[in-house]
Amino acid sequence: MTVPISDTVRHPHTLHHLAREFSRALSGMIVTECYSQESGTVVVAFEEAGKGIPSRVFVECTVQRTPTAIMMRPDAHRAKVNVRDVLPLLIGDVFREARAAENDRILTLVFDNSSLHCVLFTGQHANVIHCNAAGYVVDVLLRPRKGVAARYNIGEEFHAATPVAIRRLADMPTVAVRTALARSEWQCTLHQAMCIAQSLNIDSTVTVESLPETSVSALEECAVQVFTESRSQRTFIHRTDASGMVHIGFASIEENTQARGEYLTCNDAVRWLVIEYRKRAKYENLHTALYQHLSKTRQKLLHALDQMQHDEESRSKATVYKHWAELLLAQPDVHLQPGFEVTVHDWDGMERIIPLDAKLNLAQNAQHYFSKVRSMNDAARIRAERIPLYHQRLANAEQSLTLLAEHPPLTTLTQMQKELLPKHESKDSQKSAEGKFREFDLGEGYTLFVGKNAQNNDELTMRFAKPNDYWMHARGVGGSHTVLKGGGGKKPPKNILEKAAQITAYYSQARNAKYTPVIYTPKKNVRKPKGANVGAVVVDREDVIMVEPKLPAGAIE
């Protein structure tokens, strides 16, 4: 869902008022700091000279992040990491005034020795451009090598890219009324244009040429009034239109919309809109992340329950295998090796054909069937433990999805994030772990990550794992690499090693064995020879633990 905030934060009407307010508030102040900690955003710190207690004001200009805007702030937090100093030649310059371009979304900050052009367009033309007193570009915020040392001319460089020529409605006969009013010399916002047309009972979507001259004249007269009122107003009101879009209201013609708040400065109105946009964007991003996580969890649980139901239906095979094993042991010569099948008489005298492993004799085939029966019974026991837990987790996931559908407040979403989203699911770690590897919380601060395929194993072992993490693999058979994180590099306790080894064995070709040997070692002892196949590694030193392949109770495969 699109966050319903209009672009009036960078409209020429807004910049006209911001220029006046910037000139009044910053005049005579010195630039002491200039830095960027988000792409396309610059923060300029101004300090008032000659005062016992320094008075600081910050100007934040965003030209790449939505919404594109410029505003004054009483404070600004400079991060300790991922921050860089920019526009160094601006430091120490004294601010004189701000000027808004008449027909473009450009606000220029004029200093004693230079000027800073904040170009609030969208796309590739948006930028912050620092020019010297002679008008030559000395630095830019984005694309630092493009245009430096060239003479900067606002009109020549940007008017062609942004067709906002000074003209009347008659100059745009084939353009819709609302668009023509926005492109006219009166620079109406689209919302104002629709309000003007509505006040005159004119459809704002029709073309100018379809209207009689009297209607066009009436539109222009009303636009002049709106322009004059917009430029002279001293209070600024947020208004919400019928679609839910929030605007900065400039004229009385907009009074038919719902008022959200009134401000004495345009800067405060812009700040509120920008902060509101960011809050809504944060809410929607978190809402989407929770919905995707819960939907994925729900789908996994449904698939697991369906699979367990299918396994339960096939449990009858255990009875058949046990019967076959008993019949094979009842034969006169159990050391006979008859081939791929044998025909025997059942207890009721009927003939039965039993499939065999041709490499084994009758007794060995019987033990093989008994082993299958034990594995099936163990699997049935594990399923009996898991099914109630899976149903409970499914009910919790569906309850949370129902709550999300009601769009609860941000505090509720934040609490859900702490409870539901994995601790590794931050923006940075999510790219490296979550979604790429299976993940199991083993308690006591330990987490086991499991590879999903050969290529995934390589990434887990050679890029994700740290030297002191513990690496595991089922010995002598194919299977997933696993990496145990936690413990600060110390050897994990025996109970954690056993849990991790059981999961490692489960995700191997020895899943159905009674016991499986699993090797473990610090990842620094694992290397990949040059030219080795995908997923192939060499272990220089290892320990072995014997475990039963299984997942923790309640875990999702």
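What you see is a predicted model, and the numbers here were worked out from it, not measured in a lab.

Student: Which parts of the structure should I look at to understand the overall build of the protein?
Tutor: Within the protein, the regular secondary structure consists of twelve helices and 23 strands. When each of the 557 residues of the protein is scored for burial, the buried share is 45%. In the protein, the share of contacts with a sequence separation of at least 24, taken over all contacts with a separation of at least 6, comes to 60%. For the protein, the computed accessible surface area is about 29,000 Å², with 50% contributed by carbon and sulfur atoms.

Student: What exactly am I supposed to notice about the packing of helix H8 (residues 362-405) against helix H9 (residues 410-420) here?
Tutor: Each pair of packed helices can be described by the angle between their axes along with the distance between the axes. Look at H8 against H9: their axes get within 12 Å of each other, and the N-to-C directions meet at 155°. If you check the angle between H8 and H9, you find them roughly antiparallel. Crossing hand, H8 versus H9: left-handed. Residues Ser400, Leu403 and Leu404 of H8 pack against Thr412, Leu413, Met416 and Leu420 of H9. Its residues placed into classes, the contact of H8 with H9 shows five nonpolar, two polar and no charged.

Student: Is there a simple way to think about the sheet that holds strand E19 (residues 482-485) in this case?
Tutor: Hydrogen bonding along the main chain pairs the strands of a sheet, whether they run parallel or antiparallel. As summarised here, the arrangement of the six strands in space is E16-E17-E19-E18-E20-E23, forming an open sheet in which the pairing is antiparallel. The open sheet is flanked by strand E16 (438-443) and strand E23 (543-547), the only strands paired with a single partner. Averaged over all pairs of adjacent strands, the angle between strand axes in this sheet comes to 25°, irrespective of strand direction. The pairing of strand E18 (residues 470-474) with strand E20 (residues 516-522) spans five bridges and is classified as antiparallel. Considered in E20, the bridge of Met472 is made with Tyr520. Contacting strand E17 (446-450), E18 and E19, helix H11 (residues 454-464) crosses the sheet at an angle of about 140° to E17. Running over the sheet, helix H12 (residues 494-506) touches E16, E17, E18, E19, E20 and E23 and is turned about 75° from E23.

Student: Please explain the pattern of salt bridges as it appears in this structure.
Tutor: Pairing is possible between side chains of opposite charge, provided their charged atoms come close. The final tally for this structure, using the stated rule, is 18 salt bridges. Between Arg99 and Glu97 there is a salt bridge; the shortest N-O distance is 2.7 Å. A relative accessible area of 30% places Glu97 in the partly exposed class. When salt bridges with common partners are traced through the structure, they connect Glu33, Glu47, Arg56, Arg78 and Asp85 into a single cluster.

Student: Would you mind showing me how to read helix H1 (residues 12-26) here?
Tutor: Counted at 1.5 Å a residue, the expected span for H1 with its 15 residues is 21 Å, and the 20 Å between its end C-alpha atoms agrees. In terms of residue burial, H1 counts as a mostly covered element, since eleven of its 15 residues are buried. Positive backbone phi, at 85°, marks Gly28, one or two positions downstream of H1.

Student: For this particular structure, what's the right way to read the nonpolar core?
Tutor: It is characteristic of soluble globular proteins that their nonpolar side chains tend to be buried jointly. Grouped together as the largest cluster of nonpolar side chains are 45 residues, with contacts concentrated most on Phe22, Leu26, Val42, Phe46, Ile70 and Val270. What Val42 contacts, discounting residues up to four positions off in sequence, is Cys34, Tyr35, Val59, Glu60, Cys61, Val86, Leu87, Val128 and Leu141.

Student: I keep staring at the sheet that holds strand E3 (residues 56-62) and nothing clicks. Help me out?
Tutor: In spatial order, the strands read E4-E3-E2-E1-E5; together these five strands make up an open sheet with antiparallel pairing. One side of each edge strand has no neighbouring strand; the edge strands of this open sheet are strand E4 (69-73) and strand E5 (84-85). H1 rests against strand E2 (41-47), E3 and E4 of the sheet, and its axis sits at about 30° to E4.

Student: How do you make sense of the pairing of strand E7 (residues 106-111) when you look at a structure like this?
Tutor: It is a general feature of regular strands that their side chains alternate between the two faces of the sheet. Among the six residues in E7, six count as buried, and that is most of the element. Judged by which residues are buried, E7 turns out to be covered on both faces: Ile106, Thr108 and Val110 on one side and Leu107, Leu109 and Phe111 on the other are all buried. Across five bridges, strand E6 (residues 95-100) lies against E7 in antiparallel orientation. Among the inter-strand pairings, Glu97 is bridged to a residue of E7, identified as Val110. By the bridge criterion, five bridges tie E7 to strand E8 (residues 114-119) in an arrangement that is antiparallel. Within E8, the position partnered with Leu107 by the bridge is Cys118.

The rules behind each value
Residues numbered from 1 in each chain as written. Predicted model: local features only at pLDDT ≥ 70, side-chain atom pairs only at ≥ 80, totals over all residues. Heavy atoms only, no water. Helix = DSSP H or I, 4+ residues; strand = E, 2+ residues; numbered from the N terminus. Buried < 20%, exposed > 50% of the residue type's maximum accessible area, 1.4 Å probe, protein only. Contact = heavy atoms within 4.5 Å. Areas by Shrake-Rupley, 256 points an atom, 1.4 Å probe, with all protein chains shown as cover. Axes fitted to C-alpha atoms, helices over the stretch in contact; angles between N-to-C directions. Parallel < 35°, antiparallel > 145°, perpendicular 65-115°, else oblique. Left-handed = near helix turned anticlockwise from the far one by under 90°. Nonpolar A, V, L, I, M, F, W, Y, C, P; charged D, E, K, R; others polar. Pairing = 2+ DSSP bridges. Salt bridge = Lys/Arg side-chain N within 4 Å of Asp/Glu carboxyl O. Expected span 1.5 Å × (residues − 1). Core = buried A, V, L, I, M, F, W, Y, C linked by side-chain atoms within 4.5 Å.

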